[in-house]
Amino acid sequence: MRAILLLSIVAGSLLLGETIQDKFGQHVVSSFEDDLQVAKKLRLPHSPEYNPQNSIGMIQKMVKEKPNYYRGYYNLGLAYLETKEYEKSKASFDKALEIRNKEKISDVTIFNSAGWSALKAQDYPRAEKLFLQGVALKELNSKRSNAALFANFGLLYFYTQRFDEALKYLTIARDTYGSTSAQTTIDSIKEIQSKK
Amino acid sequence: MFNYVEKILNFGFLGLAFLMLYLAYSLIKKSAESSEDVKPNESELIKKFMNIAIVFMILAGPLQWVTIWIKSDVDEKDKKVTLNIALNKTSWEDSFGKIYIRKDGEFHPLSFSALNKEFKDNDEILLNIQEIADSIKKMRRQIEVLNSKVVTDDKSIRATLEEG
């Protein structure tokens, strides 16, 4: 009896493929991790293999197979951003955020990415809401992620002419998290304010 | 219409009171001048005139207050203001025909020449600021696009995109 049970487990795992834990703590088939790395490379604008359409196609297959794939929807949101399909990007991030809440995933980097997507779509109220959520959970972020979050938040206020708030977040990005890109926006604001 | 009511209420009752007094006075004077005795129906009439005069006098005061109250209320509702609405900056020339106000269901486009309209209490003034909001949106989009072209290798953007 035991031998049959053991055999069925081995056969099952061979049929289904080996599962591993991804960077966000979700159990996925090991091939997903490799495929996602490839899809991620395809959506990064500075990558030599840059091809966001292919990236979208790959990730769509994965989320079809695993409908609660958090990392899949997260990357799909960023991939749609590259093809400037802002509504689809928003929908993907919303799905990822829904999975995050349902499965209690601790990742907080998504607030910066989803906020960035909203910023690109000129949906400033949504971007502000997401960045604020990210700021509230900044303790769970890495220094690099916080540098990006605060710099992007500052940029949002820069675009909406809320210069004092922009300076506040950009200064934190620069002084606390070592963001180098925040300085460019700080300089722009100072120049604008000097012309008043 | 109200003006007549107001005049009747303001002066009518007092006037009637004085008329009654005058009639009573005339009868008294006539009786005093005549050598004959005062007839009983004459004295009854004098009394009646005097009583009516008193009633009119008593009513005149409160009615005047009521009139003042109604008048102020009606005046407030009928108050009209004339507004001259126009664009005051030449830089807004592009918006001619796009920004308008709505009055009585009609749309009036705004330009440098002032639109002269009379408005009453609770009249609707609808200013179409959608065009201004759209312009601001376009400007923000412009800033964003220009900024992304100037800053080509932003480390924050790179870090953001590398998440996930």
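Residues numbered from 1 in each chain as written. Chains lettered and ligands numbered in written order. Predicted model: local features only at pLDDT ≥ 70, side-chain atom pairs only at ≥ 80, totals over all residues.

A. Molecular detail of the overall build of chain B. On a plain count of helices and strands, chain B comes out with 4 helices and 5 strands. When the elements of chain B are put in sequence order from the N terminus, they spell out α-α-β-β-β-β-β-α-α. Within chain B, buried positions represent 9% of all 164 residues. Long-range pairs, those at least 24 residues apart, make up 70% of the contacts in chain B with a sequence separation of at least 6. (Helix = DSSP H or I, 4+ residues; strand = E, 2+ residues; numbered from the N terminus. Buried ≥ 20, exposed ≤ 12 C-beta atoms within 10 Å, placed from the backbone. Contact = placed C-beta atoms within 7 Å.)

B. Molecular detail of the overall build of chain A. When its secondary structure is counted, chain A shows 10 helices and 2 strands. When its helices and strands are written in sequence order, chain A yields α-β-β-α-α-α-α-α-α-α-α-α. By the burial criterion, 41% of the 196 residues in chain A qualify as buried. Pairs at least 24 residues apart make up 46% of the contacts formed inside chain A by residues separated by at least 6 positions.

C. Fine view of the pairing of strand β4 (residues 115-120) of chain B. Residues and elements named next belong to chain B. In terms of burial, β4 is largely open, as just 0 of its 6 residues are buried. As paired elements, strand β1 (residues 80-85) and β4 share 6 bridges and run antiparallel to each other. Looking across to β4, one finds that T82 is bridged to E118. (Pairing = 2+ DSSP bridges.)

D. Summary view of the nonpolar core. With 55 residues, the main nonpolar core has F150(A) and A173(A) as its most contacted residues. With 11 residues, helix α8 (residues 143-159) of chain A is the single largest residue contributor to this core. Excluding anything up to four places from it in sequence, A173(A) contacts A147(A), F150(A), A151(A), G154(A), S179(A) and A182(A). Ranked by size, the runner-up nonpolar core spans 5 residues in total, among them F13(B), M20(B), A53(B) and F56(B). (Core = buried A, V, L, I, M, F, W, Y, C linked by C-beta atoms within 7 Å.)

E. Examining unusual backbone geometry more closely. Residue and element names in this part refer to chain A. Backbone geometry at K104 places phi at a positive 55 degrees, although glycine is not the residue there. Along the polypeptide, K104 turns up in the loop between α5 (86-102) and α6 (109-120). The backbone of Q122 shows a phi angle near 60 degrees, a positive value even though the residue is not glycine. In this structure, Q122 sits in the loop between α6 and α7 (124-136). For Q122, a count of 16 C-beta atoms within 10 Å corresponds to the partly exposed category.

F. Fine view of the interface of chain A and chain B. Between chain A and chain B, the residue contacts involve 25 residues of the former and 16 residues of the latter. If you list the elements that add at least two residues to the side of chain A that touches chain B, you get α4 (70-82), α6 and α8 of chain A. The biggest single contributor to the side of chain A that touches chain B is α8(A), with 7 residues.

G. The sheet that holds strand β5 (residues 126-127) of chain B, seen in detail. Residue and element names in this part refer to chain B. Sheet architecture is open: 3 strands sit in the order β3-β2-β5, paired in antiparallel fashion. The open sheet is flanked by β3 (106-109) and β5, the only strands paired with a single partner. Pairing of strand β2 (residues 100-103) with β3, which is carried by 4 bridges, proceeds in the antiparallel orientation. Residue pairing in the sheet places Y100 in a bridge with P109 of β3.

H. Quick look at the environment of I129(B). Residues and elements named next belong to chain B. Counting through the fold element by element, I129 comes out in the loop between β5 and α3 (130-150). On the basis of neighbour counts, which here come to 11 C-beta atoms within 10 Å, the residue I129 falls in the exposed class. I129 sits 30 residues away from I99 along the chain, and the two C-alpha atoms are 6.7 Å apart.

I. Main features of α7(A). All names here are of chain A. Compared with an ideal rise of 1.5 Å per residue, which puts 13 residues at 18 Å, α7 spans 18 Å between its outermost C-alpha atoms and is within 8% of the ideal. Turning to α7, its buried residues number three or more, namely A127, L130, F131 and G134. Buried residues in α7, looked at end-on, bunch into an arc of 100 degrees, giving them a common side. Exposed side chains of α7 directed beyond 90 degrees from the buried face belong to P125, L132 and A136. Check the buried side of α7 and you find it contacts α6 and α8. (Expected span 1.5 Å × (residues − 1). Arc of directions from axis to C-beta.)

J. Representation of the confidence of the model for chain A within the structure. Residues and elements named next belong to chain A. The predicted model of chain A has a mean per-residue pLDDT of 91, with 91% of residues at 70 or higher. The lowest-confidence element of chain A is helix α1 (residues 2-16), averaging 50 in pLDDT; the highest-confidence one is α5, averaging 98. Below pLDDT 50 for its whole length, residues 9-15 participates in 1 contact with residues either more than four positions away or in separate chains. (pLDDT = per-residue confidence, 0-100.)

K. Structural context of the confidence of the model for chain B. Residues and elements named next belong to chain B. On average, residues of chain B score 80 in pLDDT, and 88% of them are at 70 or above. Per-element confidence in chain B ranges from a low mean pLDDT of 76 for β5 to a high of 89 for helix α4 (residues 155-161). Interface scoring of the predicted complex returns ipTM 0.82; its pTM is 0.65.

L. Spotlight on α4(A). For α4(A), spanning 13 residues, the distance from its first C-alpha to its last is 19 Å, which sits close to the expected 18 Å at 1.5 Å a residue. By the criterion of burial, α4(A) is predominantly enclosed, with 12 of the 13 residues buried. Every buried residue of α4(A) is listed here: Y70(A), R71(A), G72(A), Y73(A), Y74(A), N75(A), L76(A), G77(A), L78(A), A79(A), Y80(A) and L81(A). Each element contacted by the buried residues of α4(A) is listed here: α2 (30-43), α3 (52-65), α5 and α6 of chain A together with α4 of chain B.

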